[in-house]
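# Examination of the molecular architecture
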Protein chains: 2
Amino acid sequence: MSDEGRTKGATETAKLGPPAYVVLGMVSLGACSGYEIKQMVELSIRFFWTISQAQIYPSLELLERAGLVSGREQPRGRRARRVYEITADGEAALAAWLRADEPMPFELRDIGMVKLFFASALEREDALSLLEAVRRRSEERVKTLRQIESTARHAEQEGNAYPLVTLRLGIEFHKAMIDVCREFEPQLAALEPGQPATRAP
Amino acid sequence: MSDEGRTKGATETAKLGPPAYVVLGMVSLGACSGYEIKQMVELSIRFFWTISQAQIYPSLELLERAGLVSGREQPRGRRARRVYEITADGEAALAAWLRADEPMPFELRDIGMVKLFFASALEREDALSLLEAVRRRSEERVKTLRQIESTARHAEQEGNAYPLVTLRLGIEFHKAMIDVCREFEPQLAALEPGQPATRAP
DNA sequence: TTCTCCATGTAAGTAGTTACATGATTGG
DNA sequence: CCAATCATGTAACTACTTACATGGAGAA
């Protein structure tokens, strides 16, 4: 516990939640305005973390009060705009969060898998289309992620390989899901048409 | 706001959310009491869906009012206990939900991947331990899931193959994550010690 | 007797979203 | 001039969790 720096920063830092750190991280990567942070999230981490606009502006205020970012008005023409930069304290706080060995639960909430789990309540044909729907969803996702790949490779060339790592993580686990679906589809298809999806005991 | 639902079944069914269908599904698989439903969730779908006890009892009431389950008091000794069975309407509603082609978003919220995405703010050593932590987490998860495998195989032998499908889905996508981590670990380790985790442009 | 499990229920709180509200600027 | 985009802010709401509250039953 580094209770060393006892600017009010340190005390406030303790209560920051993941959304605030996400905002801080995006500012550290060069996102200036709240609007830009939202866009950057949509272009990058949206597949494993989302944040709504309504969370961003309060988070920025919080971070500024804690001294982790500094903001100033920088209107574009007559349109109001506040831009932020990360401070030294902010860099330290971000790194401390990244290093912290708190639990990192893998939180998955997937109605698709839930439905599949209960698919014994369906007839074979319907269960098969459910399985196919789950597969197709992952195929779509892989396609989408592949489209982002060039951006991530570009970031890698510029010295930041981590977006590419998380992208690969996403691509590969959806590919794994596709494989499992493909493995079970023929087995299901082999059952008698019109039968319940379960076999008799 | 509530149009005093006098046509029970159809109108009420429309507003059931995922938690209620999960409860319905568990009753359909033989879970009797609220307590047992909670336990069954913890033993099965907890890795892709969770439900807290505080949601279960209200859901059961809702389902019963909608005629999708029927409950009766069945105390064990002097200990109060209400047991439920799925009704024909309930079976139909469950199947209709499973067949519905609503969107099934794959919702993942993973602080581990978020941290990895921002790992360029760390020095090489710390970034490497983060990557290793993400890998170890998946290794743990695979271990846990393997322990459930026998239960799922047993269910398969008894005619319900779907728990095994979802289990395999979980195992394989975590195995994919482990592979990606193992691929990047040596690359990171190859960088100079003490260097920032990013390479120069 | 005391600990753990069985069993239900609810009040209070958190985290997050959607939707609304406002208005400037740019590009076709 | 109209639509899309840039830009901020907030009120109301939903979904869900945590924690508390209660108490019987079985086993050590």
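Residues numbered from 1 in each chain as written. Chains lettered and ligands numbered in written order. Predicted model: local features only at pLDDT ≥ 70, side-chain atom pairs only at ≥ 80, totals over all residues. Heavy atoms only, no water.

The immediate surroundings of DNA strand D are formed by 22 residues, with Tyr35(A), Tyr57(A), Arg79(A), Arg78(B) and Arg79(B) found nearest. When the atoms of DNA strand D within 4 Å of the protein are grouped by moiety, sugar and phosphate amount to 68% of the total. A distance of 3.0 Å is found between a phosphate oxygen of DNA strand D and a backbone nitrogen or oxygen belonging to Arg82(A). A distance of 3.2 Å is found between a phosphate oxygen of DNA strand D and a side-chain nitrogen or oxygen belonging to Arg109(A). Mapped onto the surface near DNA strand D, the elements with two or more residues apiece are α3 (34-43) and α4 (53-65) of chain A together with α4 (53-65) of chain B. (Near = heavy atom within 4 Å. Polar contact = N/O pair within 3.5 Å; in protein donor to acceptor, adjacent residues only side chain to side chain. Helix = DSSP H or I, 4+ residues; strand = E, 2+ residues; numbered from the N terminus.)

Roughly 560 Å³ of internal volume is contained in the second largest pocket. The wall of the second largest pocket is formed by 26 residues, among which Phe117(A), Leu43(B), Ser44(B), Thr151(B) and Pro163(B) lie closest to the centre. Of all the secondary structure elements, the ones that give two or more residues to the lining of the second largest pocket are β3 (106-110) and α6 (111-117) of chain A together with α3 (34-43), α7 (124-157) and α8 (162-189) of chain B. Element by element, the count of residues in the lining of the second largest pocket is highest for α7(B), at seven residues. In the lining of the second largest pocket, the residues fall into 17 nonpolar, seven polar and two charged. Residue-level mapping places the lining of the second largest pocket at the junction of two domains, with at least three residues from each of domain 1 (3-99) and domain 2 (111-189) of chain B. (1 Å grid on protein atoms, 1.4 Å probe; cavity = no way out; pocket = protein on both sides within 12 Å on 5 of 7 lines; lining within 4 Å. Points joined across faces, edges and corners; volume = space filled by probe spheres on them. Nonpolar A, V, L, I, M, F, W, Y, C, P; charged D, E, K, R; others polar. Domains from an automatic or database assignment.)

A few words on the protein's contact with DNA strand C. Taken together, 22 residues are adjacent to DNA strand C, and Gln55(A), Arg78(A), Arg79(A), Tyr35(B) and Tyr57(B) come closest. Here the atoms of DNA strand C within 4 Å of the protein split so that 68% fall in sugar or phosphate, with bases taking the remainder. Here a phosphate oxygen of DNA strand C sits 2.7 Å away from a polar atom, N or O, in the side chain of Gln55(A). Gln39(B) places a side-chain nitrogen or oxygen 3.3 Å from a phosphate oxygen of DNA strand C. Secondary-structure elements contributing two or more residues to the surface near DNA strand C are α4 of chain A together with α3 and α4 of chain B.

Turning to the interface of chain B and chain A, a few remarks are in order. Contacts between the two partners involve 72 residues from chain B, matched on the other side by 72 residues from chain A. Counting the surface lost from both chain B and chain A, the interface buries some 7,400 Å², and carbon and sulfur atoms represent 72% of this. Our count for the chain B to chain A interface comes out at six salt bridges. Of the charged contacts in the structure, one is a salt bridge between Asp126(A) and Arg99(B), with a shortest N-O distance of 3.5 Å. Where chain B touches chain A, the interface holds 18 residue pairs in polar contact (both at pLDDT 80 or more). When residues of the side of chain B that touches chain A are traced back to their parent elements, those giving at least two are α2 (18-28), α5 (88-99), β3 (106-110), α6 (111-117), α7 and α8 of chain B. A total of 17 residues in the side of chain B that touches chain A trace back to one element, the largest contributor, which is α8(B). For the side of chain B that touches chain A, the class distribution of residues is 45 nonpolar, 12 polar and 15 charged. By the bridge criterion, five bridges tie β3(A) to β3(B) in an arrangement that is antiparallel. Looking across to β3(B), one finds that Asp110(A) is bridged to Phe106(B). (Contact = heavy atoms within 4.5 Å. Buried area = accessible area lost by both parts, 1.4 Å probe. Salt bridge = Lys/Arg side-chain N within 4 Å of Asp/Glu carboxyl O. Pairing = 2+ DSSP bridges.)

Turning chain B through 180° and shifting it by 0.0 Å along the axis lays it on chain A, with an RMSD of 0.1 Å. The symmetry that links the two subunits is that of a two-fold axis. (Least-squares fit on C-alpha atoms with pLDDT ≥ 70 in both.)

Residue and element names in this part refer to chain B. Along α3, the positions that sit buried rather than exposed are Gly-34, Ile-37 and Val-41. Within α3, the buried residues cover an arc of 55° as seen down the axis, which keeps them to one side. Pointing more than 90 degrees away from the buried face of α3 are the exposed residues Tyr-35 and Leu-43. Considering only its buried residues, α3 is in contact with α2 and α4. (Buried < 20%, exposed > 50% of the residue type's maximum accessible area, 1.4 Å probe, protein only. Arc of directions from axis to C-beta.)

If you look at the biggest cluster of nonpolar residues, it comprises 108 residues, and the most contacted ones within it are Leu24(A), Ile37(A), Leu24(B) and Ile37(B). Contact partners of Leu24(A), with chain neighbours within four places excluded, come to Leu63(A), Leu68(A), Val69(A), Ile86(A), Gly90(A), Ala93(A) and Leu94(A). (Core = buried A, V, L, I, M, F, W, Y, C linked by side-chain atoms within 4.5 Å.)

Here we take up the domain arrangement of chain A. Residues and elements named next belong to chain A. When its domains are assigned, chain A resolves into domain 1 (3-99) and domain 2 (111-189). Averaged C-alpha coordinates put domain 1 and domain 2 at centres separated by 31 Å. If you look at the interface, domain 1 gives five residues, while domain 2 gives six residues. Interface area, domain 1 with domain 2, both sides summed: about 400 Å², of which 72% is carbon and sulfur. On inspection of domain 1 and its partner domain 2, the count reaches zero salt bridges. Grouping the constituent residues of the side of domain 1 that touches domain 2 by class yields four nonpolar, no polar and one charged.

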